[in-house]
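Analysis of the macromolecular model
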Amino acid sequence: MITNLKGRTALVTGATGGIGEAFVQAFAHAGCNIVFNGFGEKAAIDQQRAALAAHGAEVLYHPADVGKPDEIAAMIDAAQSRFGGIDILVNNAVTRHFAPVEAFPIEMWDRALAVNLSAAFHTVRLTLPGMKKRNWGRIINMASIHATNVVAERVDYVTTKHAIVGFTRAVALETAQTTDKDVKTSELNLNHLGSHLEAAVALGQNKLPAFDALNDFYKKFKADFEQVVTVRTEAAVAQDMV
């Protein structure tokens with residue numbers, strides 16, 4: 001199990017708040033270089049950058065709109081220029097709109113497909129070759145309870161979260177077949193239960209073990225989140241995760 005990620009570089013999209021912010025805090029604490037992405041006020045982003053750097057991390061903020069492939073490519077290029085590559089990728093950015101399907105704005109549908117689904121395709125296709133070349137990589141795509149539990153008037157979110165699970169498992173199968181490369185792919189589900197978040201690692205079709213990085217994340221930050229986060233895993237990895 002990896003308990004120190006010093007020298008690794010983690011890229012997290014949608015990281016200027018919420019669970020994305022928690023991810024970059026955890027990775028910085030574990031010794032990673034950090035590339036964080038998202039929207040926000042300059043003062044808040046500067047404050048977050050300073051908090052990450054306080055862990056000793058080298059930090060790069062990139063404001064890419066992940067709904068735009070050219071901006072994703074520019075972000076990956078900037079990260080590679082600064083750090084030499086991405087070792088850990090977390091696709092966390094998301095958009096959503098609430099409306100019945102017959103009234104759903106076309107532009108909002110297209111935006112959800114771009115941000116919630118296509119962005120993961122582009123970040124993975126651009127970072128995976130480097131992971132394979134370096135013989136190490138971790139890809140985490142944020143899923144949702146709505147990947148399995150359907151609700152009304154959220155057709156964009158439900159559709160894209162179903163799709164991200166399929167995409168993740170397809171990539172996991174491909175990376176698992178590259179037996180000489182330590183590159184693993186999985187999705188992480190965050191389920192809203194009242195005022196609580198329930199985190200569950202959903203293993204891929206090929207039953208990949210849980211990520212060492214995620215194990216480290218939850219162990220180091222369990223105390224901070226124990227009032228709002230319940231960690232549940234499949235039985236095979238339960239002891240490592242809780």
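Structural notes, computed from the coordinates. (Residues numbered from 1 in each chain as written. Predicted model: local features only at pLDDT ≥ 70, side-chain atom pairs only at ≥ 80, totals over all residues. Heavy atoms only, no water.)

1. Overview of the nonpolar core
Filter applied, for reference: Joining through side-chain atoms within 4.5 Å is the link that ties buried Ala, Val, Leu, Ile, Met, Phe, Trp, Tyr and Cys residues into a set, and such a set is a nonpolar core. Partly exposed residues are those whose accessible area sits between 20% and 50% of the maximum for their type, while under 20% is buried and over 50% is exposed, using a 1.4 Å probe and protein chains only. Starting at the N terminus, helices and strands are each numbered in turn, a helix being any DSSP run of H or I of at least four residues and a strand any DSSP run of E of at least two. Only heavy atoms enter the contact rule, under which two residues are in contact if any of them lie within 4.5 Å.
Among the nonpolar cores identified, the biggest contains 26 residues, and L11, V35, V66, I86, L89, V124 and M131 are the most heavily contacted of them. Contributing elements (two or more residues each) for this core: α3 (69–83), α4 (106–134) and α5 (155–177). Top contributing element to this core by residue count: α4, with six residues. Those residues in contact with V66 that lie beyond four places of it in its chain are T13, N37, I72, M75, A93, A114, V115 and A119. Within the second largest apolar cluster, 22 residues are counted, among which are L5, V24, A28 and Y61.

2. A closer look at helix α2 (residues 42–53)
Working note: α-helix, 3.6 residues per turn, so residues spaced by three or four point in the same direction. Stated precisely, the cut-off is as follows: Helices are assigned an expected span. That span is 1.5 Å times one less than the residue count. The directions considered for the arc are those from the helix axis to the C-beta atoms.
For α2, spanning 12 residues, the distance from its first C-alpha to its last is 16 Å, which sits close to the expected 16 Å at 1.5 Å a residue. Along α2, the residues classified as buried are I45, Q48 and L52. Projection of α2 onto a plane perpendicular to its axis shows the buried side chains occupying an angular sector of 60°, all on one side. Seen from the buried face of α2, the exposed residues on the opposite side, beyond 90 degrees, are K42, A43 and Q47. Looking at the buried side of α2, the elements it contacts are α1 (18–29), β2 (33–37) and β3 (59–62).

3. Description of the pairing of β2
Note the following rule: Strand pairing is defined by DSSP finding a minimum of two bridges between the two strands. If the strands point away from the viewer and the path from the first strand over the helix to the second runs clockwise, then the crossover is right-handed.
For β2, a buried count of five out of five residues is recorded, marking the element as mostly surrounded by other parts of the structure. Direction of pairing for strand β1 (residues 9–12) relative to β2: parallel, over a ladder of four bridges. Along β2, the bridge assignment pairs L11 with V35. The β-α-β motif built from β1, the intervening α1 and the parallel element β2 has right-handed crossover chirality. Pairing of β2 with β3 involves four bridges; the strand directions are parallel. The partner of F36 across the bridge, within β3, is Y61. One crossover worth recording links β2 to the parallel β3 by way of α2, and it is right-handed.

4. A look at the pattern of salt bridges
Convention followed: Salt bridges are defined by distance alone: a side-chain nitrogen of Lys or Arg within 4 Å of a carboxyl oxygen of Asp or Glu.
Going through the model one piece at a time under the given rule, you end up with five salt bridges. The residue K42 makes a salt bridge to D46 at a minimum N-O spacing of 2.7 Å. Of the two residues, K42 and D46 both sit in helix α2, four residues apart, roughly one turn of that helix. Using a relative accessible area of 61% as the deciding quantity, one classes K42 as exposed. Judged by its relative accessible area of 28%, D46 is partly exposed. Here D65 makes a salt bridge to R111, at a shortest N to O gap of 2.9 Å. Of the two residues, D65 sits in the loop between β3 and α3 while R111 sits in helix α4, which places them 46 residues apart along the sequence. Residue R111 is classed as partly exposed on the basis of its relative accessible area of 26%.

All quantities given are derived from atomic positions and should not be read as evidence of function.
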